Amino acid sequence: MAVEEKIAQAIRLAIQAASGEEVPEETIVLQKTRKDFEGDVTFVVFPFLKLLKRSPEESAGFLGKEVISRVEEVDSFNVVKGFLNISLKKSFWLDFLLTQSGSQDYGKAATISADKPVIVEYSSPNTNKPLHLGHIRNNLLGNSVARILEASGKQVVKVNLVNDRGIHICKSMLAWIKYGQGETPETSGKKGDKLVGDYYVRFETELRKQVQEVMNSRAITEEEARNTAPLMLEARDLLRKWEERDPEVIRVWEIMNTWVYRGFDSTYTRLGIDFDKIYYESDTYLLGRTIVLEGLKEGRLIKKADGSVWADLSDDNLDEKLLLRTDGTSVYITQDIGTAQLRHDEFKPEKMLYVVGNEQNYHFEVLKKVLKKLGKSWADTIHHLSYGMVELPDGKMKSREGTVVDADDLMDEMVETARRTTEELGKTTDFSETYKAVLYHTIAMGALKYFILKVDPRKNMLFNPAESIDFNGNTGPFIQYTHARIASMIRKAGPERMAQLRTDIHKHQIHPKEIALLKHIYNYPGMVREAAGELNPALIANFTYELCKEFNQFYHEFPVLNEPDRHISDFRLQLSAFTALCIRNAMELLGINVPERM
RNA sequence: GGCCCCGUAGUUCAACGGAUAGAAUGGAAGUUUCCUAAACUUUAGAUACAGGUUCGAUUCCUGUCGGGGCUACCA
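All figures in this text were calculated on a predicted structure; none of them were measured in a lab.

### Brief notes about the sheet that holds strand S7 (residues 277-280)
Strand order in the open sheet formed by five strands is S7-S6-S5-S11-S12, and the pairing between neighbours is parallel. One side of each edge strand has no neighbouring strand; the edge strands of this open sheet are S7 and strand S12 (382-387). Averaged over all pairs of adjacent strands, the angle between their axes in this sheet comes to 25 degrees, without regard to strand direction. Direction of pairing for strand S5 (residues 118-121) relative to strand S6 (residues 156-162): parallel, over a ladder of four bridges. Bridge pairing in S6 places isoleucine 119 opposite valine 157.

The following block contains the structure:
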């Protein structure tokens with residue numbers, strides 16, 4: 001049993017004994033003692049004053065004595081108003097260092113559960129649009145959440161659903177057919193996804209021209225003009241042909257897709273993310289249609305006079321939702337129904353996690369309701385991990401308006417900043433070219449990933465393209481630097497010494513600052529569990545930042561290798577190595593590498 | 001209009017209903033004969049507004065004001 005549990009238990013029994021009332025376990029909540037106060041664990045007595053029939057100070061004092069006598073790891077306590085601050089024995093902390101610092105897997109669950117897996121869907125790009133900063137947030141979040149869940153002992157399946165069909169895809173195809181003159185990534189020197197994206201933009205530009213012309217000559221609304229413009233009709237026609245598997249259309253579609261996937265893959269690789277399985281909407285949308293038609297036959301859905309199929313969600317205070325168009329083609333949610341069914345059948349997952357922006361909150365609400373309407377008992381395994389938008393100083397990024405921060409460009413800039421900063425600091429003189437290339441990439445990605453992941457996923461965040469992402473302060477490179485410093489000490493100590501550190505519990509008078517550092521590391525596994533429960537990588541980021549600050553203070557104040565007393569030096573070396581291990585494992589959960597030198 | 005989310009230092013981010021609201025950055029002032037100064041130390045600076053619940057509210061409730069999103073036979 002962990003010490004915290006023992007303390008909570010002791011407090012609970014003491015309150016029960018004193019009051020004669022049953023006290024449920026979950027009402028005893030311990031918290032970490034705040035930094036400005038002495039102690040390791042704090043219990044707030046206010047909620048129990050009525051049971052204890054004493055003043056806050058007396059109650060806390062009473063419980064403090066009980067805890068000391070019942071829990072051997074407890075050394076002392078102090079009382080501030082209604083706060084009982086409990087300190088653990090120094091031997092407890094030393095023992096923690098000696099028993100835990102050897103395990104490379106510190107903080108990872110010992111076993112992976114054999115139960116049903118958790119499916120994490122993320123990225124889910126649209127083949128018309130090159131990846132931008134919004135996708136970066138999505139990709140990093142999804143990847144990190146998957147890692148965190150794994151570390152907490154879940155079996156995780158990472159999946160990507162590529163949005164490769166629909167009217168929008170036909171738009172870029174049409175533009176390429178009409179205006180492309182056979183342009184390819186090779187002939188143009190453009191990355192495949194960028195090339196296709198350009199044709200999507202081209203379609204919109206040409207369409208706008210047509211709309212403008214029609215509106216100048218006839219008095220109709222813009223919406224009508226859009227819907228009746230020749231280009232739009234051609235795009236619709238192309239979609240019909242695509243759904244009929246017209247060989248020529250399919251051929252163009254496949255060629256363009258191949259370009260896009262090659263482009264996406266290179267971006268994913270640079271970002272360091274991957275998937276266990278990739279789904280394509282083109283493979284799943286028909287299943288969605290089948291399910292909808294079945295639902296219609298079973299009387300769960302309604303068909304209107306024009307032939308369109310709808311789910312009536314008015315019982316749930318939502319509107320009617322279109323599932324099949326008048327012409328029988330599928331809409332976005334139709335394929336989501338199919339994909340969900342497919343995944344459920346394949347994995348019988350405990351949970352299906354969708355990492356998708358909060359602009360789709362309504363969509364997922366509707367999806368769950370529709371699945372329930374269709375009688376799917378597993379509808380509640382669906383969980384929308386809804387993350388906030390990345391905003392620019394002048395508002396949201398919009399592909400159509402060209403106000404996007406391109407993922408590849410941003411990564412290029414980050415690498416360049418990393419190179420320049422490192423060289424300005426004059427640290428590269430004895431680094432090989434190969435090492436430098438890897439290092440700049442590591443630092444660049446560290447800065448970018450940390451910048452994104454340190455923010456609570458649910459909140460919108462701001463990115464200012466005019467200011468480059470910081471390398472000082474609460475940043476990825478700060479954490480990487482802290483690790484590199486420790487790695488440097490370990491190198492200097494040498495493998496032989498590291499293999500036989502003589503940390504002697506009895507000889508070493510451990511300093512409060514050293515305990516503070518150990519305490520921080522001690523909290524790491526709990527932090528991983530919490531992050532897994534909340535699906536929140538920001539907790540890991542902030543934890544690691546605090547740990548590094550704690551270490552840097554220690555490092556500044558206490559000599560490690562330069563400490564003449566070998567026992568103390570060994571102890572500090574072991575403490576430093578444990579810190580480095582904790583940093584490394586924590587950063588791994590964010591997908592951030594930590595260098596040995598920088 | 002309806003529904004949802006968000007308002008914390010100049011700026012970007014923290015804070016299970018708990019103690020004196022933390023950091024970073026920018027501003028001011030320091031620390032290199034010492035293990036990497038991408039570091040460390042000191043300093044000024046914030047809970048939009050008005051009520052309510054509570055021993056205790058940045059956190060929960062109501063209203064006002066401000067910002068964003070959704071409300072497509074787009075995805």
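Continuing now.
### Re the sheet that holds strand S9 (residues 309-312)
Within a beta sheet, neighbouring strands are joined by backbone hydrogen bonds and run either parallel or antiparallel to one another. Read from one edge to the other, the open sheet built from three strands follows the order S8-S9-S10, with strand pairing classed as antiparallel. Each end of this open sheet is capped by a strand with a single partner; those strands are strand S8 (302-303) and strand S10 (320-324). Pairing of S9 with S10 involves four bridges; the strand directions are antiparallel. Counterpart to tryptophan 310 in the pairing with S10 is leucine 322.

### Let's talk about the state of the cysteines
The bond known as a disulfide is covalent and runs between the sulfur atoms of two cysteines. Tallied over the entire structure, the rule returns zero disulfides. Here cysteine 548 stays unpaired: no disulfide links it, and the sulfur of cysteine 582, its closest cysteine neighbor, is 9.1 Å away. Exposure remark for cysteine 548: the relative accessible area of 0% places this residue in the buried category.

### A short note on the packing of aromatic side chains
Counted according to the given criterion, the structure contains 25 aromatic pairs. Here the aromatic cluster, defined as three or more aromatic residues joined through ring pairs, consists of Phe92, Trp93, Phe96, Tyr106, Tyr522, Tyr524, Phe543 and Phe578. Just above the ring of phenylalanine 62 sits the side chain of arginine 54; from NZ or CZ to the centre is 4.1 Å. Looking at lysine 304, its charged tip hangs above the ring of tryptophan 310, at a distance of 4.1 Å from the centre.

### Let's talk about helix H4 (residues 90-100)
Helical geometry: 3.6 residues make up each α-helical turn, so side chains three or four residues apart lie on a common side. Among the residues of H4, those classed as buried are Phe92, Trp93, Leu94, Phe96 and Leu97. For H4, the elements touching its buried residues are helix H1 (3-19), strand S4 (83-88), helix H18 (512-522) and helix H21 (566-589).

### Looking at the protein's contact with RNA strand B
What surrounds RNA strand B is a group of 64 residues, the closest being Phe83, Asn163, Asp306, Thr326 and Tyr481. For RNA strand B, the backbone makes up 62% of the atoms found within 4 Å of the protein, where backbone means sugar plus phosphate. The backbone of glycine 473 places a nitrogen or oxygen atom 3.1 Å from a phosphate oxygen of RNA strand B. Counting residues per element, the ones that place at least two in the surface near RNA strand B are strand S2 (41-44), S4, helix H6 (167-179), helix H15 (407-424), strand S15 (461-462), helix H17 (476-499) and helix H20 (537-557). When grouped by side-chain class, the residues that make up the surface near RNA strand B number 29 nonpolar, 20 polar and 15 charged.

### A closer look at the packing of H4 against H18
Axis angle and axis distance: for two packed helices, these are the angle between their axes and the distance between the axes, and together they describe the pair. For the pair H4 and H18, the least separation of the axes is 10 Å and the interaxial angle reads 60 degrees. As summarised for this structure, H4 and H18 are arranged oblique, according to the angle between their axes. Like other packed secondary-structure pairs, H4 and H18 cross with a definite hand, here left-handed. Here Lys90, Phe92, Trp93, Phe96 and Leu97 of H4 come into contact with H18, specifically with Ile515, Leu518, Lys519, Ile521 and Tyr522. A per-class count over the contact of H4 with H18 returns eight nonpolar, no polar and two charged.

### Quick look at the side chain of glutamine 480
Note that glutamine 480 resides in helix H17. A residue is classified by how much of its surface remains accessible, and glutamine 480, at 0% relative accessible area, is buried.

### Details of unusual backbone geometry
Leave glycine aside and you will find that most residues have negative phi; peptide bonds, for their part, are mostly trans. The backbone of serine 124 shows a phi angle near 40 degrees, a positive value even though the residue is not glycine. Looking at where serine 124 falls in the secondary structure, it is placed in the loop between S5 and helix H5 (133-151). Phi is positive for lysine 348, which is not a glycine, with a value near 40 degrees. Turning to its location among the elements, lysine 348 is positioned in the loop between helix H13 (332-347) and strand S11 (351-357).

### Focus on the environment of threonine 442
Tracing the sequence through the fold places threonine 442 in helix H16 (residues 433-453). Given a relative accessible area of 11%, threonine 442 falls into the buried group. Leave out the neighbours within four places in its chain, and threonine 442 touches Gln480, Asn593 and Pro595.

### Description of the nonpolar core
The biggest cluster of nonpolar side chains holds 149 residues, and the ones touching the most others in it are Ile7, Ile15, Phe43, Leu63, Val120, Leu133 and Leu149. Not counting chain neighbours up to four residues away, the residues in contact with leucine 63 comprise Ile11, Ala14, Ile15, Phe43, Val45, Leu52 and Leu84. Membership of the second largest hydrophobic core comes to 31 residues, among which are Val157, Val292, Leu371 and Ala379.

### What to know about the confidence of the model for chain A
Mean pLDDT over chain A works out to 92, with 99% of the residues at or above the 70 mark. If you check the scores for this complex, the pTM reads 0.95 and the ipTM reads 0.96.

### Focus on the packing of H6 against helix H8 (residues 192-217)
Interaxial distance between H6 and H8 falls to 8 Å at its minimum, and their mutual angle equals 85 degrees. Viewed along their axes, H6 and H8 adopt a mutual orientation that is roughly perpendicular. When H6 is examined against H8, the residues His168, Lys171, Ser172, Leu174, Ala175, Trp176 and Tyr179 are found in contact with a partner set consisting of Val196, Tyr199, Tyr200, Arg202, Phe203, Glu204 and Glu206.

### Remarks on the pattern of salt bridges
Per the stated rule, a full pass over the model turns up 43 salt bridges. Between lysine 519 and aspartate 40 there is a salt bridge, with its nearest N and O atoms 2.8 Å apart. Highlighted residues: lysine 519 in helix H18 and aspartate 40 in the loop between strand S1 (30-32) and S2, separated in sequence by 479 residues. Measuring nitrogen to oxygen at the nearest pair gives 3.2 Å for the salt bridge that ties lysine 436 to glutamate 433. Taken together, the residues lysine 436 and glutamate 433, both in helix H16 and three residues apart, mark about one turn of the helix. Shared partners join several salt bridges into a network, and the residues in it are Lys191, Asp193, Lys194, Asp406 and Asp408.

Calculation rules
Residues numbered from 1 in each chain as written. Chains lettered and ligands numbered in written order. Predicted model: local features only at pLDDT ≥ 70, side-chain atom pairs only at ≥ 80, totals over all residues. Heavy atoms only, no water. Pairing = 2+ DSSP bridges. Helix = DSSP H or I, 4+ residues; strand = E, 2+ residues; numbered from the N terminus. Axes fitted to C-alpha atoms, helices over the stretch in contact; angles between N-to-C directions. Disulfide = S-S within 2.5 Å. Buried < 20%, exposed > 50% of the residue type's maximum accessible area, 1.4 Å probe, protein only. Phe/Tyr/Trp six-rings, centres within 6.5 Å; stacked < 30°, edge-to-face > 60°. Lys NZ or Arg CZ within 6 Å of the ring centre and 35° of its normal. Contact = heavy atoms within 4.5 Å. Near = heavy atom within 4 Å. Polar contact = N/O pair within 3.5 Å; in protein donor to acceptor, adjacent residues only side chain to side chain. Nonpolar A, V, L, I, M, F, W, Y, C, P; charged D, E, K, R; others polar. Parallel < 35°, antiparallel > 145°, perpendicular 65-115°, else oblique. Left-handed = near helix turned anticlockwise from the far one by under 90°. Core = buried A, V, L, I, M, F, W, Y, C linked by side-chain atoms within 4.5 Å. pLDDT = per-residue confidence, 0-100. Salt bridge = Lys/Arg side-chain N within 4 Å of Asp/Glu carboxyl O.

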